[in-house]
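# Notes for the structure review
One-letter residues, chain by chain:
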Protein chains: 2
Amino acid sequence: MLKEERHAYILHQVNLHNKVLSSHLSEQIQVSEDTIRRDLAELAQDGKIIKVHGGALSNSFHLGITSQDVYAVEDKKTIALKAVQLIQDGMFVLTTGGTTIAELARILPKDLQATFITVSLPAAFEYANHPNIEVIVIGDKLSKGSKITVGGEAISKIKMIKADLCFLGNNAIDVEDGLTDNDWDVVQVKRAMISTSKKVIVLSISEKIDASEQLKICDVNEIDILITELPPNSKKLQPYKKKGIQIL
Amino acid sequence: MLKEERHAYILHQVNLHNKVLSSHLSEQIQVSEDTIRRDLAELAQDGKIIKVHGGALSNSFHLGITSQDVYAVEDKKTIALKAVQLIQDGMFVLTTGGTTIAELARILPKDLQATFITVSLPAAFEYANHPNIEVIVIGDKLSKGSKITVGGEAISKIKMIKADLCFLGNNAIDVEDGLTDNDWDVVQVKRAMISTSKKVIVLSISEKIDASEQLKICDVNEIDILITELPPNSKKLQPYKKKGIQIL
DNA sequence: TTGTTTTCTGCGTTTATTTGCCGAAATTCA
DNA sequence: TGAATTTCGGCAAATAAACGCAGAAAACAA
């Protein structure tokens, strides 16, 4: 096989699979690994691929671009914009923490008059910027990683509240496994919130759809509304719609 | 799987969940924990993530509670240095908010093991940076200006605690008028704290010595220790020493 | 076609990288 | 405090890359 042919073939493989192994290519094309390496080096020289130890990657493999901002901010803004429409004057709203919730807190209308109850200190800070919003902080032991309060005291306080809405952020959700998380304390808090709210709304970027963590929070049928950055008729969301969840 | 693939995967997981465990990743990618640790070290080297014991954290979630231009920082640092000596391992410490308290929180020894109970959200954030300190947040309605929780619920929670020390910041103090403040809710909280603590310590920059506000918190004889940036034998402080207050 | 030049390819050797494992030290947690 | 977990450093095996070289293949000119 000619060099140009090999190059075309390799380029095709890289773009198809996002990665190639020198050893693998060598076997496919029946040339020595040295030759493959030289090919890859040339293609990398031209910027067609990214050469790495053991093979090469497609240059659409974005790793160099350090997203110093919060991951997927735009998606989270989209979600927050949908979520904010559910909140009406006079409502009692329970929220967890997480960056999606923080985004929601940031875009709340200035004239909205509602009461927000939260275990998340960062979220409380955001809410406090809104003059017409009453903020209730649930107290207890502070979980240092997530900066939310956790424990029996917090749980029992949450259960004493009858909230209109409950916004849950930062989840993994799956049709079979339901809503899951990876922090024991957070799971307890979320459970309590779900049990005491009229409407449970899950905010989730599409990447966390069809994903599972170790600890179960609840089944999908306990969720009333699911909000993602995708359009509601997106294929990925249909299984949830079939389960009776409203998709926004 | 190629090293770069792993890096991309790890970075993705970190940004998605804000934290990852080495053990968990090792299982997911099917490589040894050593390899994961080396990956995390490399990514941390590039500033992509923050390496911690047992895994890594996203670096995107930086706390916006940076010490903005605080008035008289140096004086407050001096005060904090004196105050920190009073805290011993195992103590229960009640604190209000304010920048002096924040300064105290910042300089706490890393190996100090104590429980800090606070109504101040900014203070709670600072305490949370110390691995050996247990932080209890007193919940209730959030006072937006001072970012502390206030109300009957908070008061009754405070009264249920028997604290060893109580640090009060941000005051006006006068031999005749006693300790005074200008926010009704804050006054209530401080009263509750004083009533339930073995030792009451007032942190005050010298400007607030011999000054009065509208609302009285307590008489000077209820204060055990007064800490200012001035030397203890300073003339301005002698009237308080005569009243039986220990000066530091 | 034929001979010459240039490029390409595979091989052996050497060097570098990656990875897993082990034991000691450090850290965390109850 | 002591037990369990995590980290660190060194080591060894496996794999990949680099390098020089010789022969094969292709390109070119006459």
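Residues numbered from 1 in each chain as written. Chains lettered and ligands numbered in written order. Predicted model: local features only at pLDDT ≥ 70, side-chain atom pairs only at ≥ 80, totals over all residues.

If you check an unreviewed UniProt entry, chain A appears there as DeoR family transcriptional regulator from Chitinophaga oryziterrae.

## Focus: the overall build of chain A
Helix and strand content of chain A: 9 helices and 15 strands. Here the C-alpha atoms of chain A give a radius of gyration of 24 Å, more than 25% beyond the 18 Å that 2.2 N^0.38 yields for 248 residues. In terms of overall dimensions, chain A has C-alpha extents of about 75 × 35 × 35 Å along its principal axes. A buried classification covers 44% of the 248 residues belonging to chain A. Here the contacts in chain A between residues at least 6 apart in sequence split such that 60% fall between residues at least 24 apart. (Helix = DSSP H or I, 4+ residues; strand = E, 2+ residues; numbered from the N terminus. Rg over C-alpha atoms; globule rule 2.2 N^0.38 Å. Buried ≥ 20, exposed ≤ 12 C-beta atoms within 10 Å, placed from the backbone. Contact = placed C-beta atoms within 7 Å.)

## Here's the deal with the sheet that holds strand S2 (residues 49–52) of chain B
Residue and element names in this part refer to chain B. Read across the open sheet, the 3 strands follow the order S1-S3-S2; overall the sheet is antiparallel. Two strands lie at the open edges of the sheet, namely strand S1 (19–21) and S2, each paired on one side alone. In this sheet, adjacent strand axes meet at a mean angle of 20° when their direction is disregarded. Across 4 bridges, S2 lies against strand S3 (residues 55–58) in antiparallel orientation. Following the sheet pairing, Ile49 is matched in S3 by Ser58. Relative to S1, helix H2 (residues 22–29) is tilted by about 70°, and along the sheet it contacts S1 and S3. Each of S2 and S3 touches helix H3 (residues 33–45); the most contacted strand, S2, lies at about 135° to it. (Pairing = 2+ DSSP bridges. Axes fitted to C-alpha atoms, helices over the stretch in contact; angles between N-to-C directions.)

## Thoughts on the packing of helix H1 (residues 3–17) of chain B against H3 of chain B
Residue and element names in this part refer to chain B. Relative to each other, H1 and H3 sit at 70°, their axes nearing to 10 Å. Put simply, H1 runs roughly perpendicular to H3. Touching Arg6, His7, Ile10 and Leu11 of H1 are Asp39, Leu40 and Leu43, all from H3. Looking at the contact of H1 with H3 residue by residue, the classes come out as 4 nonpolar, 1 polar and 2 charged. (Parallel < 35°, antiparallel > 145°, perpendicular 65-115°, else oblique. Nonpolar A, V, L, I, M, F, W, Y, C, P; charged D, E, K, R; others polar.)

## Overview of the UniProt feature "domain: HTH deoR-type" (unreviewed entry) in chain A
The UniProt feature table records "domain: HTH deoR-type" (unreviewed entry) at residues 3–58 of chain A. In residues 3–58 of chain A, the share of helix is 64% and the share of strand is 20%. The end C-alpha atoms are 20 Å apart. (UniProt positions renumbered as here; feature names shortened; annotations may be inferred.)

## Points about the protein's contact with DNA strand D
Around DNA strand D lies a shell formed by Ser22, Ser23, Asp34, Arg37, His53 and Gly54 of chain A together with Ser22, Ser23, Asp34, Arg37, His53 and Gly54 of chain B. Of all elements in the fold, only helix H2 (22–29) and helix H3 (33–45) of chain A together with H2 and H3 of chain B reach the threshold of two or more residues within the surface near DNA strand D. (Near = placed C-beta within 6 Å.)

## Considering the domain arrangement of chain A
Once the domains are mapped, chain A shows domain 1 (3–58) and domain 2 (73–247). The gap between the C-alpha centroids of domain 1 of chain A and domain 2 of chain A is 46 Å. (Domains from an automatic or database assignment.)

## So, unusual backbone geometry
All names here are of chain B. Of note in this structure, Lys147 is not a glycine but carries a positive phi near 55°. Judged by the 22 C-beta atoms lying within 10 Å of it, Lys147 is buried. Backbone geometry places Asp210, a non-glycine residue, at a positive phi of 60°. Within the fold, Asp210 resides in the loop between strand S12 (197–203) and strand S13 (215–218).

## Considering the protein's contact with DNA strand C
Near DNA strand C, the surroundings consist of 13 residues, among which Val31 and Thr35 of chain A together with Val31, Ser32 and Thr35 of chain B are the closest. When residues of the surface near DNA strand C are traced back to their parent elements, those giving at least two are H3 of chain A together with H3 of chain B. Of the residues that constitute the surface near DNA strand C, the class distribution is 3 nonpolar, 6 polar and 4 charged.

## Examining the environment of Gly151 of chain B
Residues and elements named next belong to chain B. Tracing the chain through its elements places Gly151 in the loop between strand S8 (148–150) and helix H7 (152–159). In this structure the C-alpha to C-alpha distance between Gly151 and Lys3, which are 148 residues apart in sequence, comes to 55 Å. Excluding anything up to four places from it in sequence, Gly151 contacts Asp140 and Lys141.

## Quick word on the pairing of strand S4 (residues 92–95) of chain B
Residues and elements named next belong to chain B. Here 4 bridges tie S4 to strand S5 (residues 114–118), and the two strands are oriented parallel to one another. In the sheet register, Thr95 faces S5, and the bridge partner there is Thr118. Once you follow S4 into helix H5 (residues 99–106) and on to S5, the crossover reads as right-handed. (Right-handed = clockwise from strand over helix to strand, strands pointing away.)

## Some remarks on the interface of chain A and chain B
On the chain B side, the residues contacting the 35 residues of chain A number 31 residues. When contributions to the side of chain A that touches chain B are tallied by element, the ones reaching two or more residues are strand S3 (55–58), helix H6 (121–128), strand S6 (133–137) and strand S7 (140–143) of chain A. Grouping the amino acids of the side of chain A that touches chain B by side-chain chemistry returns 15 nonpolar, 10 polar and 10 charged.

## Quick word on the environment of Phe116 of chain B
Residues and elements named next belong to chain B. Looking at where Phe116 falls in the secondary structure, it is placed in strand S5. The buried category is assigned to Phe116, around which 29 C-beta atoms lie within 10 Å. In this structure, the C-alpha to C-alpha distance between Phe116 and Cys166, residues 50 residues apart in sequence, is 9.8 Å. Every residue in contact with Phe116, bar those within four places of it in the chain, is listed here: Val93, Thr95, Tyr127, Ile133 and Val135.

## Overview of H7 of chain B
All names here are of chain B. Within H7, burial applies to Ala154, Ile155, Lys157 and Ile158. Seen from one end, H7 has its buried residues packed into an arc of 165°, which puts them on one side. What points out from H7, more than 90 degrees from its buried face, is the exposed set Gly152 and Ser156. Along its buried surface, H7 packs onto strand S7 (140–143), S8 and helix H8 (184–195). (Arc of directions from axis to C-beta.)

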